[in-house]
Amino acid sequence: MPSSEPPLILGIESSCDDSAAALLRGRQVLASVVQGQAALHADFGGVVPEIAARAHAERLDLCVEEALAQAQVRLGAVDAIAVTAGPGLIGGVLSGVMLAKGLAAGLGKPLIGVNHLAGHALTPRLTDGLAFPYLMLLVSGGHCQFLIVRGAEDFTRLGGTIDDAPGEAFDKTARLLGLTQPGGPAVQAEARQGDPGRFRFPRPLLDRPGCDMSFSGLKTALLRQRDALIAEQGGLRRQDRADLCAGFQAALCDVLVEKTRRALALYAGEQPAEPAFAVAGGVAANEGLRAALTRLCAAQSVRFTAPPLALCTDNAAMIAWAGGERLTAGKTDDMTLAARPRWPLDRQAAPLIGSGRKGAKA
Ligand code: KG4
Ligand code: ZN
């Protein structure tokens, strides 16, 4: 390998319900394999930690093999192994950490433990080459927080959800209205046909300063409205369902946009040379949210980036990238690397309440 070539990094991710492996050389994603477990958990209404851990243990090595085949490289060519060491469901995290330790010991290559949230938060550097400091909104089925990203291990949390994550709210809304899972895309499709003004849903915590958010009341408001319509009419009409989805999505977007406005104001205090705001997580795919955030950033002359969906949702390419950033800084781990269920990015910030459908949110 010519010495100028960036190292070949194997990434491994298993913190929730996706088993994933990826190979990266610099900003080039040579392979990114993700094996979801939705079918295994479908009957239980959420991720079952024991089932997830067993599936990771059975599948992770196959993901690694598939990534090597896709990238057409030998295992021996890998220069370092990066693995999610938390936060997440502990059985799954352990599966990944054990595999990574075995590979690192067997190959005699560096082992790098990565914070899953740092993987999400650093993705815009992989996809768009963003410079520090930038503002990040992590918004998915398990996470919701604003971060100022100052360095690969330097994060300040400005605020986050105090209960549900927005993806959970979308999924619960879909369940209440008899739509398919995952709820986000289904609610979005209904919302396109609906009138966002017919039902006025609450905009929680907008009356309070700061960037914290709450989404559980929104779901309760939707449930009440649904039941009121059923009591009144004997059932839900097609248009009612579309209007409920449109009203729900509008409320959720309004909250996220207003809180983003506040986060941008705090971030401006950093006096960044090139102000930039990035979103990541499955809910970042929402077209209403993307359009609203694009408008907000345009009005404030802030660069807006949203990584492609495959890199927004859980994947191992982001883990390999974040591992590469640590490797560049000379920070590697040894065989004492621990799997951690909780691992906040910002140790100064108060812990977030609630553990979430997919494990710890902090
Ligand atoms: O990041 P992700 O794949 O997994 C984690 O939660 O970590 O996010 C999945 C979430 C689900 O709750 C799903 O309903 C939501 O992202 N989602 C969307 C859309 N696409 C996916 N929510 C709103 N609008 C969408 N278009
Ligand atoms: Zn995630």
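Residues numbered from 1 in each chain as written. Chains lettered and ligands numbered in written order. Predicted model: local features only at pLDDT ≥ 70, side-chain atom pairs only at ≥ 80, totals over all residues. Heavy atoms only, no water.

A. Region of interest: the sheet that holds strand E3 (residues 28-36). A sheet is described by the order of its strands in space; here five strands give the open sequence E3-E2-E1-E4-E5, paired in mixed fashion. For this open sheet the edge positions go to E3 and strand E5 (111-115), each flanked by a neighbour on one side alone. Adjacent strand axes in the sheet meet at a mean angle of 20°, parallel and antiparallel pairs treated alike. Direction of pairing for strand E2 (residues 18-25) relative to E3: antiparallel, over a ladder of eight bridges. (Pairing = 2+ DSSP bridges. Helix = DSSP H or I, 4+ residues; strand = E, 2+ residues; numbered from the N terminus. Axes fitted to C-alpha atoms, helices over the stretch in contact; angles between N-to-C directions.)

B. Region of the structure containing the coordination of the zinc ion (ligand 2). Donor atoms from the polypeptide that bind the zinc ion (ligand 2) are His116 (NE2), His120 (NE2), His143 (NE2) and Asp314 (OD), placed at 2.1 to 2.7 Å. Its four donor atoms give the zinc ion (ligand 2) angles of 87 to 163° at the centre, a pattern that matches the irregular case. In the primary structure, the donors to the zinc ion (ligand 2) are separated according to the pattern H-x3-H-x22-H-x170-D. Taken together, the positions of His116 in helix H4 (residues 116-128) and His143 in the loop between strand E6 (134-139) and strand E7 (144-151) put the pair 27 residues apart, joining distant regions of the chain. A single burial state applies to His116 and to His143, both of which are buried. (Donors = N, O, S within 2.8 Å, 3.2 Å for Na, K, Ca; no water. Tetrahedral: all angles 85-135°; square planar, octahedral: opposite > 155°, others 65-115°. Buried < 20%, exposed > 50% of the residue type's maximum accessible area, 1.4 Å probe, protein only.)

C. Spatial organisation of the side chain of His120. Note on placement: His120 falls in helix H4. Polar contacts involving the side chain of His120 include one to the side chain of Asp314, which spans 2.9 Å. In this structure, His120 is in contact with Met136, Leu138, His143, Ala280, Cys312, Thr313, Asp314 and Met318, ignoring residues within four places of it in sequence. (Polar contact = N/O pair within 3.5 Å; in protein donor to acceptor, adjacent residues only side chain to side chain. Contact = heavy atoms within 4.5 Å.)

D. Structural detail: the confidence of the model for the protein. Overall, the predicted model of the protein reaches an average pLDDT of 93, with 95% of residues at or above 70. This model gives residues 354-362 a pLDDT under 50, and the stretch forms 33 contacts once residues within four places in sequence are excluded. (pLDDT = per-residue confidence, 0-100.)

E. The layout of surface pockets, seen in detail. Its volume calculated, the second largest pocket comes out at about 280 Å³. Surrounding the second largest pocket, 18 residues form its lining, Asn115, Glu153, Arg326, Trp343 and Arg347 being those nearest its centre. Mapped by element, the contributors of at least two residues to the lining of the second largest pocket are E5, H4, strand E8 (154-160) and helix H11 (317-328). Looking at which element gives the most residues to the lining of the second largest pocket, the answer is E5, with three residues. A class-by-class count of the residues in the lining of the second largest pocket yields 10 nonpolar, two polar and six charged. Residue-level mapping places the lining of the second largest pocket at the junction of two domains, with at least three residues from each of domain 1 (8-121 + 313-360) and domain 2 (132-310). (1 Å grid on protein atoms, 1.4 Å probe; cavity = no way out; pocket = protein on both sides within 12 Å on 5 of 7 lines; lining within 4 Å. Points joined across faces, edges and corners; volume = space filled by probe spheres on them. Nonpolar A, V, L, I, M, F, W, Y, C, P; charged D, E, K, R; others polar. Domains from an automatic or database assignment.)

F. Geometry of the packing of aromatic side chains. The final tally for this structure, using the stated rule, is four aromatic pairs. Ring geometry for Phe199 against Phe201: centres 6.4 Å apart, planes inclined by 40°, an arrangement best described as tilted. Taking relative accessible area as the criterion, Phe199 reaches 7% and is therefore assigned buried. A cation over an aromatic ring shows up here: Arg125 above the ring of Phe132, its NZ or CZ 3.8 Å from the ring centre. (Phe/Tyr/Trp six-rings, centres within 6.5 Å; stacked < 30°, edge-to-face > 60°. Lys NZ or Arg CZ within 6 Å of the ring centre and 35° of its normal.)

G. The arrangement of the nonpolar core in detail. In terms of nonpolar packing, the biggest core is built from 80 residues, with Met136, Phe201, Phe215, Phe248, Leu256 and Phe277 touching the most fellow members. Among the elements that line this core, the one with the most residues is helix H8 (residues 238-268), at 13 residues. Beyond its immediate chain neighbours, meaning those up to four positions away, Leu256 contacts Leu137, Val139, Cys144, Phe146, Pro166, Met213, Phe215 and Leu289. Core analysis: the next-biggest nonpolar cluster, separate from the first, contains 26 residues, Ile12, Ala21, Ala31 and Leu337 among them. (Core = buried A, V, L, I, M, F, W, Y, C linked by side-chain atoms within 4.5 Å.)

H. Representation of the site of ligand 1 within the structure. Near ligand 1 lie 20 residues; those nearest to it are Gly141, Asp171, Gly184, Gly282 and Asn286. One of the backbone nitrogen or oxygen atoms of Gly167 is found 3.1 Å away from an oxygen atom of ligand 1. At 2.9 Å from an oxygen atom of ligand 1 is found a main-chain nitrogen or oxygen belonging to Gly184. Among the secondary structure elements, those contributing two or more residues to the shell around ligand 1 are helix H5 (166-176) and helix H6 (183-192). Residue contributions to the shell around ligand 1 peak at four residues, all from H6. Residue classes in the shell around ligand 1 are distributed as five nonpolar, 11 polar and four charged. Composition of the shell around ligand 1 by domain shows at least three residues from each of domain 1 (8-121 + 313-360) and domain 2 (132-310). (Near = heavy atom within 4 Å.)

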